[in-house]
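What the coordinates show
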Amino acid sequence: MKINWGKGIVIAFVLFMSFILYFVMKVQTDSKYDNELVVEEYYKHDARYGEEMTQSSNEQNLQQQPTITNTPKGIQITFPPAFDPKKITGKVSLYRPSAKKLDFEIPIQLSGPSLLVPNSDFAGGRWDITLAWHYEGTAYIKKQTLYIN
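The numbering scheme is per chain: residues are counted from 1 as the chain's sequence reads. In keeping with the model being predicted, local features are shown solely for residues with a pLDDT of at least 70 and side-chain atom pairs are shown and tallied solely at 80 or more, while totals for entire chains, interfaces and linings include all residues. Note that water and hydrogens are dropped before the side-chain values are worked out from all heavy atoms of the structure.

With that settled, consider a nonpolar patch on the surface. Patch membership requires over 30% relative accessible area and the absence of a salt bridge. Like charges are linked within 9 Å, and nonpolar side chains (Val, Leu, Ile, Met, Phe, Trp, Tyr) within 5 Å. Each accessible area is a Shrake-Rupley result for a 1.4 Å probe, and residues are judged covered by the shown protein chains and nothing else. Counted as salt bridges are all cases of a side-chain nitrogen of Lys or Arg within 4 Å of a carboxyl oxygen of Asp or Glu. Nonpolar side chains collect at one region of the surface, where Phe13, Phe16, Met17, Phe19, Ile20, Tyr22, Phe23 and Val24 lie side by side and expose about 820 Å² of accessible area between them. Only protein chains enter the accessibility calculation, which uses a 1.4 Å probe. A residue is then buried if its area is under 20% of the maximum for its type, exposed if over 50%, and partly exposed in between. Classification of Phe23 as partly exposed rests on a relative accessible area of 38%.

Right, dumping it as structure tokens:
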């Protein structure tokens, strides 16, 4: 059997298409390559955007703002000394963009001015942290991204 240019191009094209289809099928069926939504209920989340902007504005208008730092022991959230720790309520949401299974929330329960989230709770990489808290009837929100080694 003699292979000319036309048959060679068709064979190469079919092999290339087979190669691409193999990888598309592999990514769609293998759980290692999960394609996850950033937010499950996007429209409900988007409807609360104005409220979130007000809370962010409240936080920006504070004389002293809470700090979120990465320490060797974990992520430390420190509130300014002007706030009574017993009156602070809320939650800390830790979101891992690359793996939804690693996301978690911690309620804010303070005995002192700071909250420590230990390193044992984290996998290395990027973490988006949302600190949503209330103090004396006013809601605040602070968002920050940290990279954990």
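Next, the rest of the story.
As for its placement among the helices and strands, Gln55 is situated in helix α3 (residues 49-60). Between two residues, a contact is recorded if the distance between any of their heavy atoms is within 4.5 Å. Gln55 has contacts with Ala139, Tyr140 and Ile141, leaving out every residue within four places of it along the chain. Helix numbers and strand numbers start at the N terminus; a helix is a DSSP run of H or I with at least 4 residues, a strand a run of E with at least 2.

A separate point is the sheet that holds strand β2 (residues 74-78). In this analysis, strands are considered paired if DSSP registers two or more bridges between them. With respect to topology, three strands assemble into an open sheet ordered β1-β2-β5, the strand pairing being antiparallel. Each end of this open sheet is capped by a strand with a single partner; those strands are β1 (67-71) and β5 (114-118). With direction set aside, neighbouring strand axes in the sheet form an average angle of 20 degrees. Examined bridge by bridge, β2 and β5 share five bridges and lie antiparallel to one another. Its bridge partner being in β5, Gln76 is matched across the sheet by Leu116. A fitted line through C-alpha atoms serves as each axis, taken over the contacting stretch for helices, and the angle formed by two N-to-C directions is quoted from 0 to 180°.

The next subject is the pattern of salt bridges. If the charged atoms of two oppositely charged side chains come close together, the side chains can form a pair. Going through the model one piece at a time under the given rule, you end up with five salt bridges. With a shortest N-O distance of 3.4 Å, Glu136 and Lys87 are connected by a salt bridge. Residue Glu136 is found in the loop between β6 (125-135) and β7 (138-148), and its partner Lys87 is found in the loop between β2 and β3 (88-95); the two are separated by 49 residues along the sequence. Here Glu105 ties to Lys91 by a salt bridge, and the two come within 3.4 Å at their closest N and O atoms. A residue pair is termed long-range when its members are at least 10 positions apart, and Glu105 in strand β4 (residues 104-107) and Lys91 in strand β3 qualify at 14 residues.

Pairing of aromatic side chains requires ring centres within 6.5 Å, counting the rings of Phe and Tyr and the six-membered ring of Trp. Pairs whose planes differ by under 30 degrees are stacked, by over 60 edge-to-face, and all others tilted. Under the criterion given, the structure shown has seven aromatic pairs. Between the aromatic rings of Phe79 and Trp133, the centroid separation amounts to 5.1 Å while the plane-to-plane angle is 75 degrees, which identifies the pairing as edge-to-face. Of this pair, Phe79 sits in the loop between β2 and β3 while Trp133 sits in strand β6, placing them 54 residues apart in sequence. Owing to a relative accessible area of 3%, Phe79 belongs among the buried residues under this scheme. Residue Trp133 is classed as buried on the basis of its relative accessible area, which comes to 0%. With a centroid separation of 6.0 Å and 70 degrees between ring planes, the pair formed by Phe104 and Trp127 is classed as edge-to-face. One end of the pair, Phe104, is in strand β4; the other, Trp127, is in strand β6, and 23 residues separate them in sequence. Take Trp127: its relative accessible area is 0%, and that puts it in the buried class. Aromatic ring contacts, followed pair by pair, group Phe79, Phe83, Trp133, Tyr135 and Tyr140 into a single cluster.

Spatially, β4-β3-β6-β7 is the arrangement adopted by the four strands of the open sheet, whose pairing is antiparallel. Edge positions in the sheet fall to β4 and β7, since each has one partner strand and no second. Recorded for the sheet is a direction-independent mean angle of 15 degrees between the axes of neighbouring strands.

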